[in-house]
Amino acid sequence: MSRRYASTVALLRARQPELPVYCIYPHVYHDAGRHFVENFPGRVLYAVKANNHPFVISALHAAGVNDFDCASLQEITLVKSLCPDARCYFMNPVRIAGDARQAQREFGTRHFMIDHASGLAPLVDEIDAQRSVIFARMAVSHHSAMVDLSTKFGAPPADMPGILANIRDAGAEPALAFNVGTGVTEPGAYTYAIGLAREVLEKTPFPVRLLDIGGGFPRRYPGFIVPPLDEFFAAIRGIRHELPLGASSEIMAEPGRALSAPGMSTIARVLLRKESRLYLNDGMYGAFWELRFKGHVRYPARAYRGHEPLVGKPHSFRLFGPTCDSSDELPGSVELPAGIDVGDYIEFGSMGAYSLSGRTSFNGFYSDDVVRIETESSLPPS
Ligand SMILES: *Cc1c(COP(=O)(O)O)cnc(C)c1O
């Protein structure tokens, strides 16, 4: 079965898939990667957890993303197998014992993360501190984040100078990190957190060279309208020079969603229609799992019958996944042509972030049919 098509129409003409198909548009990833790398005022690490499919990693790498934020040895191994020249950062304060050692030995990993003084000794035990950079992660929360990560990760700002000093005493280069959350809707969240970082750096009696401002850069979804990335970059650029960072300093970002969301769609098939309720072959236990969290509630959609776009008077539908769990319903409702019926397809756009990476095979529904859509004029619904 081919994994490359000129367009979704060509895909549907060639085969009428029974299971969900995940369409990667490499040219869309290329544009997203280039735009971020060229406009963010610092080093760009792709947060692999958002979408670890090889097509996505390779497309972003080809666009100039050469640094990868990894949370496990498995993620590092995957990235290095696809892009041997990439630089992988092991940025999870929670690790399997021995994995930091192996990452450094096998892949030359030099960047690690702790978020509590207790994390330092076990890490330094596994790595050569003299050739390593250890980030200390500060807890930050801001009301404009879709998901707040500060209850699980990070140390209070007041603890940071002490942790940075411990890292320095252990022989490694100390660096500072924070992560505001995911789906951050206001550039002000970054300027607020950078302000906190500045206070920490002012209280730290030695120079720090690297500040990692994390991910959280948002993607616009229907009903979830956010400022363009350029407004986030401008806000960060505006405050960056106020940071008392050491010589040859750099700031870094770890975008996951902003790089991975744009270039992937899901083509799902309608299995059953009951008036205004449509039952699909994919749902909350599949690629739509992220919708169970507070945040955006849906993806842009368009319909097909056979291999032709389906048009018609719009009607509001509720959408359900195929499993036997009654909570397997997509939140909200979606406008689709009123005549849509069993056997028709719906393509959902902006689905690259937190979709493939968390799908399950609950109840026996699972697809790993990932294809590339390669004509530049073909675009996912947006
Ligand atoms: C999840 C995560 C990211 C990526 O977050 P996005 O919201 O997808 O940009 C970056 N850094 C850390 C530490 C994370 O946990």
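By convention here, each chain's residues receive numbers from 1 onward along its written sequence. Local features in this predicted model are restricted to residues whose pLDDT is 70 or higher, and side-chain atom pairs enter the listing and the counts only when it is 80 or higher, whereas totals over whole chains, interfaces and linings include all residues. Calculated side-chain values reflect all of the structure's heavy atoms, with hydrogen atoms and water omitted.

Draft legend 1. Spotlight on the nonpolar core. By nonpolar core is meant a set of buried Ala, Val, Leu, Ile, Met, Phe, Trp, Tyr and Cys residues that side-chain atoms within 4.5 Å join together. Residue burial is assigned from relative accessible area. The probe radius is 1.4 Å, only protein chains are included, and a residue is buried under 20% of its type maximum, exposed over 50%, and partly exposed in between. Counting 103 residues, the largest nonpolar core has F36, F40, Y46, F68, F178, I213 and F217 as the members making the most contacts within it. Helix numbers and strand numbers start at the N terminus; a helix is a DSSP run of H or I with at least 4 residues, a strand a run of E with at least 2. By residue number, the principal contributor to this core is helix α8 (residues 188-202), which donates eight residues. By convention here, the domain bounds are inherited from an automatic or database domain assignment. When we break this core down by domain, the ones giving at least three residues each are domain 1 (4-23 + 263-373) and domain 2 (26-260). Note on definitions: a residue-residue contact is assigned when non-hydrogen atoms from the two residues lie within 4.5 Å. Not counting residues up to four positions away in its chain, the partners in contact with F217 are F36, F40, Y190, L229, F232, F233, I236, A253, P255, R257 and A258. With twelve residues, the next largest nonpolar core counts Y5, L12, C23 and I267 among its residues.

Draft legend 2. The site of the ligand, seen in detail. Around the ligand sit 13 residues, and of these K49, T182, E254, R257 and Y354 come closest. At 3.5 Å from a nitrogen atom of the ligand is found a side-chain nitrogen or oxygen belonging to D69. Between the ligand and G216, the relevant distance is 2.8 Å, taken from an oxygen atom to a main-chain nitrogen or oxygen of the residue. Notes on the ligand: free accessible area 390 Å², of which the protein chains cover 91%. Residue polarity follows a fixed list, in which Ala, Val, Leu, Ile, Met, Phe, Trp, Tyr, Cys and Pro are nonpolar, Asp, Glu, Lys and Arg are charged, and the others, Gly among them, are polar. Here the residues of the shell around the ligand are counted per class, giving three nonpolar, five polar and five charged. Near is defined per residue: the residue qualifies when any heavy atom it owns lies within 4 Å of the molecule or strand. Side-chain atoms alone can form a polar contact between residues adjacent in sequence; in general such a contact is a pair of N or O atoms within 3.5 Å, and within protein one must be able to donate a hydrogen while the other accepts it. For the area figures, the Shrake-Rupley method with a 1.4 Å probe applies, and any residue is considered shielded solely by the protein chains shown.

Draft legend 3. Looking closely at helix α7 (residues 160-169). Taken residue by residue, α7 has M160, P161, I163, L164 and I167 as its buried positions. Down the axis of α7, the buried side of the element spans an arc of 165°, and every buried residue falls inside it. Where α7 is buried, its residues contact β6 (111-114), α6 (120-126), β7 (133-138), β8 (173-178) and α8. Directly beyond the C-terminal end of α7, a positive phi value near 100° is found at G171. Summarising the geometry, the arc corresponds to the directions from the helix axis toward the C-beta atoms.

Draft legend 4. Seen up close, helix α4 (residues 73-82). Every buried residue of α4 is listed here: L73, E75, I76, V79 and K80. Angularly, the buried residues of α4 cover 160° about the axis, an arc narrow enough to put them on a single face. Pointing more than 90 degrees away from the buried face of α4 are the exposed residues Q74 and S81.

Draft legend 5. Geometry of the pairing of strand β4 (residues 67-70). In β4, alternate side chains face the same way, and those of D67 and D69 on one face and F68 and C70 on the other are all buried. At least two bridges found by DSSP between two strands are what make those strands a pair. One ladder, built from three bridges, connects strand β3 (residues 43-47) with β4; its direction is parallel. Paired with A47 across the strands is D69, a residue of β4. Orient the strands so they point away from the viewer; a crossover is then right-handed if the path from the first strand over the helix to the second runs clockwise. Read from β3 through helix α3 (residues 54-62) to β4, the crossover connection turns out right-handed. Relative to strand β5 (residues 87-90), β4 runs parallel, the two sharing four bridges.

Draft legend 6. Seen up close, the domain arrangement of the protein. Assigned domains within the protein: domain 1 (4-23 + 263-373) and domain 2 (26-260). Its C-alpha centre places domain 1 at a distance of 32 Å from the equivalent point of domain 2. Taken together, the 19 residues of domain 1 in the interface contact 20 residues of domain 2. Here the quantity called buried area is the total loss of accessible area, with a 1.4 Å probe, experienced by two parts when brought into contact, counted for both. Summed over both sides, the interface between domain 1 and domain 2 buries roughly 1,800 Å², with carbon and sulfur atoms accounting for 60% of that surface.

Draft legend 7. Quick look at the pattern of salt bridges. Only one rule defines a salt bridge in this text: a Lys or Arg side-chain nitrogen within 4 Å of an Asp or Glu carboxyl oxygen. What the rule picks out here adds up to 15 salt bridges. Between E202 and R198 there is a salt bridge; the shortest N-O distance is 3.2 Å. Taken as a pair, E202 and R198 lie in helix α8 at a separation of four residues, close to a single helical turn. For R305, the salt bridge goes to D344, with nearest N and O atoms at 2.7 Å. Residue R305 is located in strand β13 (residues 301-305), and its partner D344 is located in the loop between β16 (334-337) and β17 (345-348); the two are separated by 39 residues in the primary sequence. Classification of R305 as partly exposed rests on a relative accessible area of 39%. Owing to a relative accessible area of 3%, D344 belongs among the buried residues under this scheme. A cluster of three or more residues bridged by salt bridges with shared partners is formed by R4, R372 and E374.

Draft legend 8. Local environment of unusual backbone geometry. Its identity is not glycine, yet S350 carries a phi of approximately 55°, on the positive side. Relative to the helices and strands, S350 is located in the loop between β17 and β18 (369-373). Positive phi, normally seen in glycine, also occurs at N363, with a value near 65°. Structurally, N363 can be placed in the loop between β17 and β18. Overall, N363 belongs to the partly exposed group, its relative accessible area being 39%.

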